[in-house]
Amino acid sequence: MARAQLIHIEVDRRLGHEWDEWNGRPLPRGGDFSAPPGLFFRFAALTVAVGAGAVALLLYLIGPRLRTLWAPLPVIQWMALGALAGLFWAYLAVLAASYYSGRNLLPERLMERGLYLKLMNYTSLLARAFGKRDWVEHAAIDVYNTLAERRGRKVGKGELLVLIPRCLSKQSLDGVLEIAGRYDVPVFVATRGQLARRVIRERRPRAVVAVACERDMMTGLRDVAGKLPVLGLTMQLPNGPCRDASIDLSQMEKWVQGLVNGQVARQ
Ligand code: SF4
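Conventions adopted
- Residues numbered from 1 in each chain as written.
- Predicted model: local features only at pLDDT ≥ 70, side-chain atom pairs only at ≥ 80, totals over all residues.
- Heavy atoms only, no water.
- Axes fitted to C-alpha atoms, helices over the stretch in contact; angles between N-to-C directions.
- Helix = DSSP H or I, 4+ residues; strand = E, 2+ residues; numbered from the N terminus.
- Parallel < 35°, antiparallel > 145°, perpendicular 65-115°, else oblique.
- Left-handed = near helix turned anticlockwise from the far one by under 90°.
- Contact = heavy atoms within 4.5 Å.
- Phe/Tyr/Trp six-rings, centres within 6.5 Å; stacked < 30°, edge-to-face > 60°.
- Buried < 20%, exposed > 50% of the residue type's maximum accessible area, 1.4 Å probe, protein only.
- Near = heavy atom within 4 Å.
- Nonpolar A, V, L, I, M, F, W, Y, C, P; charged D, E, K, R; others polar.

Quick question: what am I supposed to make of the packing of helix H3 (residues 115-129) against helix H7 (residues 214-224) here?
When two helices pack together, you describe them by how their axes are tilted relative to each other and by the distance separating the axes. Interhelical geometry of H3 versus H7 gives an angle of 150° and a closest axis separation of 9 Å. The angle between the axes of H3 and H7 places the two elements in the roughly antiparallel class. When you trace H3 past H7, the crossing you get is left-handed. When H3 is examined against H7, the residues Leu117, Met120, Asn121 and Ser124 are found in contact with a partner set consisting of Met218, Leu221 and Arg222.

Structure representation (structure tokens):
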């Protein structure tokens, strides 16, 4: 059976800083943060409402001062805020309609490779305040992957790259290498997001399949997905963060196979 070459890059930085505040206790549900997409949409709607509310409060507070500058100014600002909030709500509605109808209603630059990436990150910030970060991020990444996968992108030989973290269990790592070997795809171990970006800059792939926990994946997608098509596979963390992570290998193979479709797999 063909096996991919593993290229390991060392970096002298602290690892897994996203989990700095972890208290050492087992993660809920064995580190499986699966959540329905509706959770993301509910938190995204709340994020838009909280954002609009914060700006409204600011306008309310500075309204009298604005009026001294130019009497109609506060009214104009309120109208602008109303229009902007309406646009955001409409965007969210189109996003949800795209996801649930099975048909992307906007081009990728306006959706999963555009504003959606920002919305994901702001929604994650709000979810942290409710102690729901990992679940909301998982749901957001699932929505992202569904929209991205539907584009049906194909790449040529040598144009796909698989990025994995250092925390995969031996079984998962073996599985990844086997899949990558079968489709002749290079695998990089990226210990930090910064390093992942460096690998991408140097190898110049046309698509990436990345593996990471929800926290790491969010920053990775935010930084890379706008420039390059990425599919992001999240992991389960049965032994806590940054160790012995497992992944859905059949999902990974499905993505790799879909992207390199037309190329013959090695036996
Ligand atoms: S991807 Fe793995 S090593 Fe990186 S922060 Fe997440 S759990 Fe830790």
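There is more to say, and it comes next.
Help me understand the packing of aromatic side chains in this model?
To describe a pair of aromatic rings, you give the distance between the ring centres and the angle between the ring planes. This structure, assessed with the given rule, holds seven aromatic pairs. Each ring, one from Phe40 and one from Tyr116, has its centre 5.4 Å from the other, and the planes form 65°; the classification is edge-to-face. Placement of the pair is Phe40 in helix H1 (residues 37-69) and Tyr116 in helix H3, with a sequence separation of 76 residues. Each member of the pair Phe40 and Tyr116 is classed as buried. Look at Phe41 and Tyr100: their rings are 5.6 Å apart centre to centre, the planes differ by 45°, and that puts the pair in the tilted class. With a gap of 59 residues between them, Phe41 in helix H1 and Tyr100 in helix H2 (residues 73-101) connect regions that are remote in the sequence. A residue is classified by how much of its surface remains accessible, and Phe41, at 10% relative accessible area, is buried. Assessed through its relative accessible area of 53%, Tyr100 is described here as exposed. Put simply, the rings of Phe40, Phe41, Tyr99, Tyr100 and Tyr116 pair up and form one aromatic cluster.

What should I look at first to understand the site of the ligand in this one?
Around the ligand sit Gly16, Glu18, Trp19, Pro165, Cys167, Cys213, Asp216, Met235 and Cys242, and that is every residue in its neighbourhood. The class makeup of the residues in the shell around the ligand is six nonpolar, one polar and two charged.

Can you help me understand the side chain of Thr234 in this one?
With respect to the helices and strands, Thr234 occurs in the loop between strand S5 (230-233) and helix H8 (249-259). Setting aside chain neighbours within four positions, we find Thr234 in contact with His138, Ile141, Ala212, Glu214, Met217 and Ile247.

Everything listed here is a matter of coordinates, which is why it stays silent on function.
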